[in-house]
Structures are given as structure tokens and as C-alpha cells.
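One-letter residues, chain by chain:
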Amino acid sequence: MDVLEAIKRRRAINFFDPTKEISDETIKKLLELGTMAPSSFNLQPWEVIVVKSQDKKKALRRCASNQKKVEDASAVLIFIADPEAVEKNLDRVLDKNIELGYMKPEGREATVNAVYGLYGPKDSIKRKIFAAKNTAFFAMTVMLAAQGLGLETHPMDGFDEEAIKKEFGISEDKIIPCIVALGYLQPGVTLLPRFRFPVDEMTKFV
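Residues numbered from 1 in each chain as written. Predicted model: local features only at pLDDT ≥ 70, side-chain atom pairs only at ≥ 80, totals over all residues. Heavy atoms only, no water.

1. Overview of the side chain of Asp72
Note that Asp72 resides in helix H4 (residues 68-72). For Asp72, a relative accessible area of 13% translates into the label buried. In terms of polar contacts, Asp72 uses its side chain to reach the side chain of Lys68, at 2.4 Å. If we ignore the near neighbours within four places in the chain, the residues touching Asp72 are Phe16, Asp17 and Pro18. (Helix = DSSP H or I, 4+ residues; strand = E, 2+ residues; numbered from the N terminus. Buried < 20%, exposed > 50% of the residue type's maximum accessible area, 1.4 Å probe, protein only. Polar contact = N/O pair within 3.5 Å; in protein donor to acceptor, adjacent residues only side chain to side chain. Contact = heavy atoms within 4.5 Å.)

This is the structure we're talking about:
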């Protein structure tokens, strides 16, 4: 599907077909496409838990305001932002940058200083914003890729983050910016027109 068409057609679907499944291979392809999202210094501070089993979807539904779509969707993606991705990923990224010719070895120290200067220590608010912001880029790219693969999505923030962390073994230092239901539209459902504010109301050219 053309990317502009995917943007126009993507909707937040409330009613999923509970009889349809998505293969692990398709989900892996979808996530691989999602990794094309930009991230600061290419640090890719994201992780994903793919919830597919009925038992785990039921458990997730209890953590997500009892939203029926959590259980009806073919899968639900838990997007996890890791503020410690700087410590975990920076050396590997810089090694690859040097190997691929993006930077020279002598530029390594300056880049390390720039990263820590921008994002501070791992428990800082700057670091949390960095991780959540970049993981949101990843999640949006996954949703557009899903549309391109003929799948529907619904991003959600109506959930108890602490309950999800406890249920799925996610450490306290990580952040869950959103969960995304993934699947197929329930047959017979007609989507209502959507509303967006006019561009002129939110845009200023200077």
C-alpha cells in the first residue's frame, strides 16, 4: 500500500474480529518494518511484548480498564521504553557507526559526551522523555506498517501501567507509553467519519 494511502486509511479500531489470528512471522515482519522509525542517535530505546494467548489477553484486559478490544484483537503489543538504553546500546551503536562509515573513531568521545549532555543520568526526567518519545515514533511506524499489511490497530493509554508491569514482569525503571491492539475489523462494522481540526487553526508560518 502507498504510504500516503496508509496514513489516510489508518483508524483506531474498537471492534476486532476475535476469530482471526495473525502468525508470528507476520508480526515479526511488522515489527521489523517498525524498526525503520527514527531514534535519537539511533539508540532504539524500545522493547515489545506481543500478547497473543487468550489467557494473557484476559490478564491484560484486566489491566486495561476491561476494554473488550484487548481480548478480541488477534494480538496486543505492549510498547516498552527503556531509559537505560543509553548505557545498554550506545557502545554497540557507535561501533556500528564507525564500521559503516558514519563516523570516524576519533569522533566517538564527542558523541558520547553529546548523548549524556542531552539526556543526563539514567534516572533523570530528560532520559525518561527521550525513551518515551522515541518509542512513540516506533509505535506509530508499526501502526502505519500494519495498515500497509492489511491489518488494523488501536493505540491505548487507558491502562494501569503498574499492573501491566507486575503481570508481565516489566521492571519498574521502564515506561509503557502505550499498548496497541492489532488484528482485523469485525465483519459488519461500519466506521463513522472522523474529525480533525483544520490545519489553519494549528499552524503558524514564520
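2. Thoughts on the pattern of salt bridges
Enumeration over the complete set of coordinates arrives at 13 salt bridges. Of the charged contacts in the structure, one is a salt bridge between Arg108 and Asp91, with a shortest N-O distance of 3.6 Å. Highlighted residues: Arg108 in helix H6 (residues 108-119) and Asp91 in helix H5 (residues 85-100), separated in sequence by 17 residues. Where Glu161 meets Lys165, a salt bridge forms, and the shortest distance between an N and an O atom there is 3.6 Å. Of this pair, Glu161 and Lys165 both sit in helix H8 (residues 161-168), four residues apart, which is roughly one turn of the helix. The partly exposed category is assigned to Glu161, whose relative accessible area is 24%. Residues participating in the shared-partner salt-bridge network are Lys58, Arg61 and Glu71. (Salt bridge = Lys/Arg side-chain N within 4 Å of Asp/Glu carboxyl O.)

3. Observations regarding the sheet that holds strand E1 (residues 46-51)
Strand order in the open sheet formed by four strands is E1-E2-E4-E3, with antiparallel pairing between adjacent strands. Of all the strands in the sheet, the pair left with one neighbour each is E1 and strand E3 (152-156). When the angles between neighbouring strand axes are averaged without regard to direction, this sheet yields 20 degrees. The sheet contact formed by strand E2 (residues 75-81) and strand E4 (residues 175-183) spans six bridges and is antiparallel. Note that in E4 the partner of Ile78 across the bridge is Ile179. Across the face of the sheet, H8 comes into contact with E1, E2 and E4 while running at roughly 75 degrees to E4. (Pairing = 2+ DSSP bridges. Axes fitted to C-alpha atoms, helices over the stretch in contact; angles between N-to-C directions.)

4. Quick word on the UniProt feature "domain: Nitroreductase" (unreviewed entry) in the protein
UniProt annotation of "domain: Nitroreductase" (unreviewed entry) refers to residues 7-184 when read in the numbering used here. With 50% helix and 15% strand, the stretch residues 7-184 has end C-alpha atoms that lie 17 Å from each other. (UniProt positions renumbered as here; feature names shortened; annotations may be inferred.)

5. Brief notes about the packing of helix H3 (residues 54-63) against H8
Packed helices, taken two at a time, are described by the angle between their axes plus the distance between the axes. Relative to each other, H3 and H8 sit at 155 degrees, their axes nearing to 9 Å. With respect to H8, the element H3 is oriented roughly antiparallel. Our pair here, H3 against H8, has a crossing hand that is right-handed. Of the residues in H8, those in contact with Lys56, Ala59, Leu60 and Cys63 of H3 are Ala163, Ile164, Glu167 and Phe168. (Parallel < 35°, antiparallel > 145°, perpendicular 65-115°, else oblique. Left-handed = near helix turned anticlockwise from the far one by under 90°.)

6. Description of the packing of aromatic side chains
If you walk through the whole model with that rule in mind, you get five aromatic pairs. Here the aromatic rings of Trp46 and Phe138 are separated by 4.6 Å at their centres, their planes lie at 15 degrees, and the arrangement is stacked. Taken together, the positions of Trp46 in strand E1 and Phe138 in helix H7 (residues 125-148) put the pair 92 residues apart, joining distant regions of the chain. Pair check on accessibility: Trp46 and Phe138 agree, each one buried. Pairing Phe195 with Phe197 gives two aromatic rings, centres 5.1 Å apart and planes at 80 degrees, and the pair type is edge-to-face. Each member of the pair, Phe195 as well as Phe197, is classed as exposed. Pairwise contacts between aromatic rings join Phe41, Tyr119 and Phe130 into one cluster. Taking the ring centre of Tyr184 as reference, the NZ or CZ of Lys20 above it sits at 4.8 Å. (Phe/Tyr/Trp six-rings, centres within 6.5 Å; stacked < 30°, edge-to-face > 60°. Lys NZ or Arg CZ within 6 Å of the ring centre and 35° of its normal.)

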